[in-house]
Amino acid sequence: MELLTNVLAATVVAGTPLLLVALGELICERSGVLNLGQEGMMLMGAVAGFAAALSSGSLLVGVVAAVMAGIAMSLLFAFMAVTLAANQYAAGLALTIFGTGLSAFLGAGFVGSSIDGFSRVAIPLLSDIPVLGRVFFNQDALVYTSFIAFAVVALFLRNSRGGLLLRAIGEDPEAANANGLKVLLVRYLAVAFGGGMAGLAGAYLSLAYTPLWTENMTAGRGWIALALVVFATWRPERLILGAYLFGAASILHLVLQGLGWKSSTELLAMLPYVVTILMLVLLSWNPVRTRLNTPLSLGQPYRPGS
Amino acid sequence: MGLCMTAAIRLKLENIVKEYPGCRANDGIDLTVEAGEIHALLGENGAGKSTLMKVIYGVVQPDEGRVVWNGHAVQVDNPAQARRMGIGMVFQHFSLFETLTVAENIALSLPPDEARNRSQLNQRINEVSERYGMELDPRRYISTLSVGERQRVEIVRCLIQETTLLILDEPTSVLTPQEVTSLFATLRTLSKEGCSILFISHKLEEVRSLCHTATVLRQGRVSGDCQPAEISASEIARLMVGDDTPISTRVTAAEPGEPLMEVSGLGWKSKDPFGTSLRNVNLDLHKGEIVGIAGVAGNGQDELLKALSGEIRADAGTICLSGQNIETLFPDQRRKLGVAIVPEERLGRGAVPDMSLADNALLTASGQGLVERGLIRSGRVREFSREVIRRFGVRCTGENSTAGSLSGGNLQKYIIGREALQNPRLLVASHPTWGVDVGSAVAIHESLVKLRDEGAAILLISEDLDELYQLCNRLGALCDGRLSPLAPTSELHIEQLGQWMAGEFESTEVAHAVA
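It is worth spelling out the overall build of chain B at this point. Secondary structure summary: chain B contains 19 helices and 23 strands in total. Along the longest, intermediate and shortest principal axes, the C-alpha atoms of chain B span 80 × 55 × 40 Å. Residue burial in chain B is summarised as follows: out of 515 residues, 45% are buried. In chain B, once contacts between residues fewer than 6 apart in sequence are set aside, the share between residues at least 24 apart is 69%.

Right, dumping it as structure tokens:
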């Protein structure tokens with residue numbers, strides 16, 4: 001029981017950065033913009049957050065700096081992909097390469113430093129619930145932030161006018177424009193939200209998960225998040241499931257190794273990726289539901305009035 | 001009195017000029033629409049109708065001229081402003097979101113405070129749709145609606161915003177005859193209540209029965225104003241096309257020969273959840289006849305064409321050509337047996353836009369001795385291409401011009417000519433005169449009839465009922481992937497065809513069987 005609780009709690013921790021970045025990308029893609037620059041934005045968030053927290057001594061300043069760095073990177077992308085209507089794939093890949101390089105350059109001086117990261121805060125009463133209390137309500141502030149972000153995104157998409165606008169623009173920007181909706185503005189906001197969330201996810205890695213900076217510390221989570229959004233068929237409730245599934249599988253392989261499981265570590269390290277994708281593929285069987293949630297204009301540049 | 005006069009004129013355009021690079025789309029157009037008037041705007045493709053509508057609706061700004069709205073000169077900066085002024089527009093291609101519901105679609109074009117209360121909005125939608133006889137369920141997804149129902153959503157959306165000028169762009173081209181009747185009833189009610197309607201069309205009989213006045217455009221200018229009910233359709237057509245173009249084809253009666261093609265039990269399941277599946281299609285074609293397939297777009301026309309051409313492989317049924325089952329053959333093998341296809345999209349499927357006309361000829365006519373031992377005989381290709389251009393009156397600078405540089409009508413003449421010169425036994429043509437000028441349409445009709453008289457069987461898929469009635473000796477209709485029985489054109493009343501287009505034909509079959 002103790003082991004199970006620990007494993008589940010660690011699952012939530014491991015799934016959180018993925019959840020944060022994927023929620024941002026989900027909103028971005030729902031507007032019809034595919035931003036492949038997640039990895040680059042996360043790394044910039046991680047290094048900016050770590051540097052700001054180290055020099056100011058305040059974790060909150062670190063988080064704010066990380067979010068700002070993510071937004072700044074995403075606006076760079078938005079300028080290329082939305083304003084100039086450049087190819088979104090190329091612009092996104094460029095952003096990842098740029099972010100990876102720039103974060104390594106900026107962070108060179110911080111390698112080896114360490115800070116006291118976010119610590120766990122037990123929420124009174126809720127954390128006393130058996131098992132679940134320890135798993136969900138004895139975590140750090142950023143994990144709670146991810147819960148809130150999930151709820152906000154899910155409600156926004158389902159119940160708000162803003163969510164309706166976003167879905168409409170993602171489906172058909174020409175028709176949206178003909179209806180007088182501000183396509184470019186909404187896409188900018190969606191891309192910026194995605195950038196902010198990627199920055200936050202980066203901050204989670206460098207300020208909470210492992211409170212230090214190493215080059216390329218995101219280890220492909222940005223790419224997994226991109227796959228997660230697709231296999232979750234652009235629905236937040238599946239996204240959170242997928243993120244935690246990935247978290248669970250990545251913890252499992254550590255646990256299995258700890259228990260003396262005799263198998264190649266490389267094979268075990270593949271586990272989270274394989275399990276997550278298999279599970280989500282199985283879940284996305286219903287073509288009508290999938291079609292209703294897929295942003296049709298995804299990846300297509302849009303120029304108003306052409 | 002003076003005030004009264006100005007109030008009665010809802011919209012006045014004075015000397016509107018709009019120039020695009022290389023083309024003066026509107027060249028000094030004047031137009032006046034009174035309150036409660038149903039005003040037709042007529043003209044061929046490229047006459048400047050769409051540009052003029054875009055000017056009124058604020059999509060583009062005129063280079064010169066004045067727009068006067070209810071007596072005040074205005075500048076319409078964008079569609080949102082036009083809607084606030086009371087101008088509503090229903091485009092030919094609807095601007096609806098398929099994955100949203102009717103109510104959500106309408107909510108998107110309303111101010112936020114009016115759209116917030118969903119049950120109130122649903123009630124308003126129900127009120128408006130009942131009042132004007134346009135039944136709608138606000139909770140349904142657009143993707144589940146028929147084209148006619150989608151048009152109702154567009155119109156209801158305009159009416160909810162208290163529109164006083166409703167612009168309809170070719171509204172009847174997607175409707176069955178019965179739906180047209182009910183649309184006209186709605187429009188007449190609206191007009192009685194004082195709403196002005198600008199009705200864009202090229203179907204003259206409809207304009208004559210519905211509209212109070214008409215303005216005819218030709219080459220960017222007004223070529224005439226008239227009261228359509230008082231002059232004949234051919235007089236209006238003259239105004240549209242000018243003096244030197246033939247406006248109709250004389251079609252001689254067909255003399256069908258022996259059976260050529262027999263399609264039985266053809267079925268195909270679409271993988272797209274919103275796509276159309278073909279269901280138990282039965283069809284027979286004789287040599288020397290044209291058989292027409294009517295139907296509202298998206299009811300399986302494209303799928304039927306693809307199943308006949310071999311682009312999709314049917315799940316069930318057979319396609320027999322002179323007794324040989326060709327269902328299992330690939331498109332090129334079918335082509336060798338004399339099956340020619342003219343698809344709906346000229347650019348992209350009928351021809352490659354960036355390739356020259358000569359190279360485009362090679363795409364389907366390579367079997368005509370244009371390729372020998374795997375090598376292209378470019379001399380013969382050019383010769384073949386020039387032959388098509390000469391025989392079918394394609395207006396272009398030569399066989400080296402790219403397909404994309406030709407007008408729709410000329411490219412279509414080229415594509416039909418390319419197929420016709422290969423002496424096909426069976427030609428399947430989809431919407432061959434869609435978006436084509438009157439002159440080219442006549443030329444295309446003549447080529448089809450000539451091909452028929454030479455003994456080919458032609459399957460003509462079209463939404464244009466006039467065209468079908470004119471050319472075909474037997475007609476049927478597709479609805480939701482099912483094909484109605486085929487009846488001789490002379491015995492098929494348009495009402496009956498309309499019912500078939502709406503899918504009511506099992507009962508008629510039974511009735512025939514009983515009788």
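We now examine the overall build of chain A. Across its full length, chain A carries 13 helices and two strands. Relative to the compact-globule value of 19 Å for 306 residues, chain A shows a C-alpha radius of gyration of 19 Å, a close match. Summarising its shape, the C-alpha atoms of chain A cover approximately 60 × 45 × 45 Å along the three principal directions. Out of the 306 residues in chain A, the part that is buried amounts to 50%. In chain A, once contacts between residues fewer than 6 apart in sequence are set aside, the share between residues at least 24 apart is 79%.

Residues and elements named next belong to chain B. Spatial strand order, β6-β7-β8-β3-β9-β10: six strands in an open sheet with mixed pairing. With partners counted over all chains shown, the strands left at the sheet margins are β6 (87–90) and β10 (221–226), one partner each. Each adjacent strand pair in this sheet contributes to an overall mean axis angle of 20°, direction not counted. As judged from the four bridges shared by β6 and strand β7 (residues 165–169), these two strands associate in the parallel manner.

This part takes up the sheet that holds strand β5 (residues 72–74) of chain B. All names here are of chain B. Here four strands make up an open sheet; going across it, the order is β2-β1-β4-β5 and the pairing antiparallel. If you trace the sheet from one side to the other, it starts and ends with β2 (23–34) and β5, each paired once. On average, each strand axis in the sheet is tilted by 25° relative to the strand beside it, whichever way the strands run. The pairing of strand β4 (residues 64–69) with β5 spans three bridges and is antiparallel. Bridge pairing in β5 links V67 to V74. The sheet contacts of helix α2 (residues 49–56) involve β1 (9–20), β2 and β4, and relative to β2 the element is tilted by about 60°.

Further remarks concern the pairing of strand β20 (residues 457–461) of chain B. Residue and element names in this part refer to chain B. With five of its five residues buried, β20 lies for the most part within the structure. Two strands pair when backbone bridges link them, and strand β13 (residues 290–294) and β20 are joined in this way by four bridges, in the parallel orientation. Among the inter-strand pairings, I290 is bridged to a residue of β20, identified as I458. Bridge count for strand β19 (residues 426–430) against β20 is five bridges, and the pairing is parallel. When the bridges of β20 are listed, V428 appears paired with L459. Following the backbone out of β19, through helix α16 (residues 438–453) and into the adjacent parallel β20, one traces a crossover that is right-handed.

Of all hydrophobic cores here, the largest spans 234 residues; its most connected members are A22(A), L23(A), A46(A), Y204(A), L228(A), L426(B) and I458(B). The leading source of residues in this core is helix α9 (residues 183–209) of chain A, at 16 residues. Three or more residues apiece are contributed to this core by two domains, here domain 1 (2–241) and domain 2 (259–350 + 424–514) of chain B. Dropping the residues within four chain positions of it, L23(A) is found in contact with A149(A), F150(A), V153(A), M197(A), P236(A) and L239(A).

All names here are of chain B. On average, residues of chain B score 88 in pLDDT, and 96% of them reach the 70 mark or higher. When pLDDT is averaged over each helix and strand of chain B, the minimum, 46, is found for helix α19 (residues 506–514) and the maximum, 96, for β20. The low-confidence segment residues 507–515 (pLDDT under 50) makes one contact with residues lying over four places distant or belonging to another chain. The ipTM value of the predicted complex is 0.78, and its pTM value is 0.76.

To continue, consider the pairing of strand β9 (residues 213–218) of chain B. All names here are of chain B. Direction of pairing for strand β3 (residues 38–42) relative to β9: parallel, over a ladder of four bridges. The partner of L41 across the bridge, within β9, is T215. With five bridges connecting them, β9 and β10 associate as antiparallel partners. Bridging from a neighbouring strand, A214 pairs with C226 of β10.

All right, on to the domain arrangement of chain B then. Interface extent is often summarised as the accessible area lost during association of the parts. All names here are of chain B. What the domain assignment lists for chain B is domain 1 (2–241) and domain 2 (259–350 + 424–514). Centre-to-centre separation of domain 1 and domain 2, based on C-alpha positions: 33 Å. Counting from both sides, the interface comprises twelve residues of domain 1 and, opposite them, 14 residues of domain 2. Split by residue class, the side of domain 1 that touches domain 2 holds five nonpolar, six polar and one charged.

The next point concerns the environment of A81(A). All names here are of chain A. Considering the arrangement of structural elements, one finds A81 in helix α3 (residues 59–83). When the C-alpha positions of A81 and A178 are compared, they lie 21 Å apart, and in sequence the two are 97 residues distant. Among residues more than four places away in sequence, those in contact with A81 are V33, A86, Q88, A91 and P301.

Attention shifts here to unusual backbone geometry. One non-glycine residue with positive phi stands out, namely A85(A), at about 50°. Overall, A85(A) belongs to the partly exposed group, with 15 C-beta atoms counted inside 10 Å. Despite not being glycine, R373(B) shows a phi value in the positive range, around 45°. Residue classification places R373(B) among the exposed positions, given that 5 C-beta atoms sit within 10 Å.

What follows covers helix α10 (residues 233–241) of chain B. Residue and element names in this part refer to chain B. Considered for burial, the residues of α10 that qualify are I236, L239, M240 and V241. Where α10 is buried, its residues meet β3, α9 (204–210), β9, β10 and α16. Looking one or two residues beyond α10, the residue adopting positive phi is G242, at roughly 90°.

Residues and elements named next belong to chain A. Relative orientation of the contacting elements helix α2 (residues 38–56) and helix α10 (residues 221–231) amounts to 135°, with a least axis distance of 7 Å. By the criterion of interaxial angle, the relationship of α2 to α10 is oblique. α10 is crossed by α2, and the crossing has right-handed handedness. Contacts from Q38, E39 and M42 in α2 reach R221, G222, W223, A225 and L226 in α10.

Turning to α2(B), a few remarks are in order. Residues and elements named next belong to chain B. Of all eight residues in α2, seven are buried, a share of seventy percent or more. Of the positions making up α2, those classed as buried are K49, S50, T51, L52, K54, V55 and I56. Looking one or two places after α2, you find G58, whose phi comes out positive at around 80°.

The subject of this paragraph is the packing of helix α6 (residues 141–159) of chain A against helix α11 (residues 236–258) of chain A. Pairs of packed helices are described in terms of their axes, by the angle between the two and the distance that separates them. Residues and elements named next belong to chain A. Their axes nearest at 9 Å, the elements α6 and α11 cross at an angle of 155°. It follows that α6 is roughly antiparallel to α11 by the angle criterion. Between α6, through F150, V153, A154 and L157, and α11, the contact on the second element is made entirely by P236, E237 and I240. Taken together, the residues of the contact of α6 with α11 break down into six nonpolar, no polar and one charged.

Attention now goes to the environment of L256(A). Residues and elements named next belong to chain A. Looking at the secondary structure, you find L256 in helix α11. Remark: the alpha-carbon pair of L256 and G163, spanning 93 residues in sequence, is separated by 42 Å. Excluding residues that lie within four positions of it along the chain, L256 makes contacts with W261 and L268.

Parameters at a glance
- Residues numbered from 1 in each chain as written.
- Chains lettered and ligands numbered in written order.
- Predicted model: local features only at pLDDT ≥ 70, side-chain atom pairs only at ≥ 80, totals over all residues.
- Helix = DSSP H or I, 4+ residues; strand = E, 2+ residues; numbered from the N terminus.
- Buried ≥ 20, exposed ≤ 12 C-beta atoms within 10 Å, placed from the backbone.
- Contact = placed C-beta atoms within 7 Å.
- Rg over C-alpha atoms; globule rule 2.2 N^0.38 Å.
- Pairing = 2+ DSSP bridges.
- Axes fitted to C-alpha atoms, helices over the stretch in contact; angles between N-to-C directions.
- Right-handed = clockwise from strand over helix to strand, strands pointing away.
- Core = buried A, V, L, I, M, F, W, Y, C linked by C-beta atoms within 7 Å.
- Domains from an automatic or database assignment.
- pLDDT = per-residue confidence, 0-100.
- Nonpolar A, V, L, I, M, F, W, Y, C, P; charged D, E, K, R; others polar.
- Parallel < 35°, antiparallel > 145°, perpendicular 65-115°, else oblique.
- Left-handed = near helix turned anticlockwise from the far one by under 90°.

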